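# Chain and residue survey
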Amino acid sequence: MWFDQPRNPAAPLAGVKVLELARVLAGPWAGQILADLGADVIKVESPEGDGTRQWGPPWVEREAADGSIRREAAYYHACNRGKRSIIADFRDTADLDRVRALCGDADVVIENFKTGSLAKFGLDYAALADANPALVYCSITGFGLTGPRAHEAGYDFVVQGMSGLMSLTGEKQGDPMKAGISVSDLSTGVYAANAIQAALIQRFRTGTGQQVDISLLDCSVAMLANQATYYLNTGENPPRMGNAHAQVAPYGVFPVKDGHVILAPANDRLFIKLAALLGCDHLSQDARFLTNGDRVKNAAALDAEIAAATGNWTKAALLEECHAQGVPAGPINSLDEVFADPQVISRAMRVDLGGMPGVRSPFVFSDAELALDCPSPMLGEHDQGRDD
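Another aspect to go through is a nonpolar patch on the surface. Together, Y155, V158 and M162 give the surface a local cluster of nonpolar side chains, amounting to about 300 Å² of exposed area. In this fold, M162 is placed in helix α5 (residues 156-162). Note on M162: relative accessible area 35%, which makes it partly exposed.

Right, dumping it as structure tokens:
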């Protein structure tokens, strides 16, 4: 079989066999996390392939084994590193039998089909667990396997709105805004990878697997965190704050001579330090700003005072002084600045595999390695030479 040998024996999930019946982002993101951790992830694609292969521009061109040039969207490569790709048409009996056989030998199945739609192919949890009781089967859906919307498809943008995330994002007087990344999909992938590993640990104790039910809406609501407790404890909707913070001041984006910086002195001690380094000691003595509660109440006046002071600094000079004084501060980097940042470089966040640049999963272990050994697969790349 494909996975007779672990991809990297030093990786935490070496030897774990995963079948990915997922496409687009949330499911593949979970699969890529497991692949980076060393699992052998077999991505099962339709004859047309994962739809994100066509989500360009930008495009990436690669030479296939037969010498032909394949063009795929860069988007696809963001969430499919380290996997193998096979093609299966579920309408074809032989293909379906092959997928079922792979499920029978897998530790994990990840699927993100609409609730119940895999049952007609015998690829639902009940059918597969009957043949493989140890299987951990993760179903990723828009709204979960239960509830009045269980059979509806879910989309990141829609769920960002439904979950309340957009109501909290954007300028105070502006329109609600989605995040600049597909935060509902991506968080769902992270939660799914975490839950899958928890189920595998439980299986070590019990010997049996289970179904994991993960939804975009649940994960997005869970991420409301302190904003949820704000509402649940007051009965009031948290205000949209732009770059400000509802419970801390000063906390936001401030102008400098050559752009903007983020200042985040989140307690009284740090505020006093910031006032001093800006040459504004009077602010820490002002009755309006003595405590965090006072500062939140008078945030507009305080922000105006700080902005007037930061406007006399260059970005580099202010950030250097803040760092020297231990005041939390930072730049607002564009992506070219991110990947040129010495810290990002030193942490080796960029990886280049087979000429394909990408970003590694953010795990560093003292006694294990990530399995960063191959780029995203071409469609059906691993159909050749199979022995099943």
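On we go.
Attention now moves to the sheet that holds strand β11 (residues 329-331). Across the sheet, which stays open at both edges, the three strands sit in the order β9-β10-β11 with antiparallel pairing between neighbours. Since the sheet does not close on itself, it has two edges, and those belong to β9 (252-256) and β11, each with one partner. For this sheet the average axis-to-axis angle between neighbouring strands, irrespective of direction, equals 35°. Most of the contacts of helix α13 (residues 315-325) go to β11, to which it runs at about 150°, and overall it touches β9, β10 (259-263) and β11.

Looking now at the sheet that holds strand β8 (residues 210-215). Strand order in the open sheet made by the six strands is β5-β2-β1-β6-β7-β8, with parallel pairing throughout. Of all the strands in the sheet, just β5 (83-87) and β8 have a single pairing partner and so form its edges. Taken over all neighbouring pairs, the strand axes of this sheet differ in orientation by 20° on average, direction set aside. Of the pairings in the sheet, the one linking strand β7 (residues 136-141) to β8 comprises six bridges and is parallel in character. Paired with C138 across the two strands is V212, which belongs to β8.

The rules behind these values
Residues numbered from 1 in each chain as written. Predicted model: local features only at pLDDT ≥ 70, side-chain atom pairs only at ≥ 80, totals over all residues. Heavy atoms only, no water. Patch = residues over 30% accessible without salt bridge, like charges linked within 9 Å, V, L, I, M, F, W, Y side chains within 5 Å. Areas by Shrake-Rupley, 256 points an atom, 1.4 Å probe, with all protein chains shown as cover. Salt bridge = Lys/Arg side-chain N within 4 Å of Asp/Glu carboxyl O. Helix = DSSP H or I, 4+ residues; strand = E, 2+ residues; numbered from the N terminus. Buried < 20%, exposed > 50% of the residue type's maximum accessible area, 1.4 Å probe, protein only. Pairing = 2+ DSSP bridges. Axes fitted to C-alpha atoms, helices over the stretch in contact; angles between N-to-C directions. Contact = heavy atoms within 4.5 Å.

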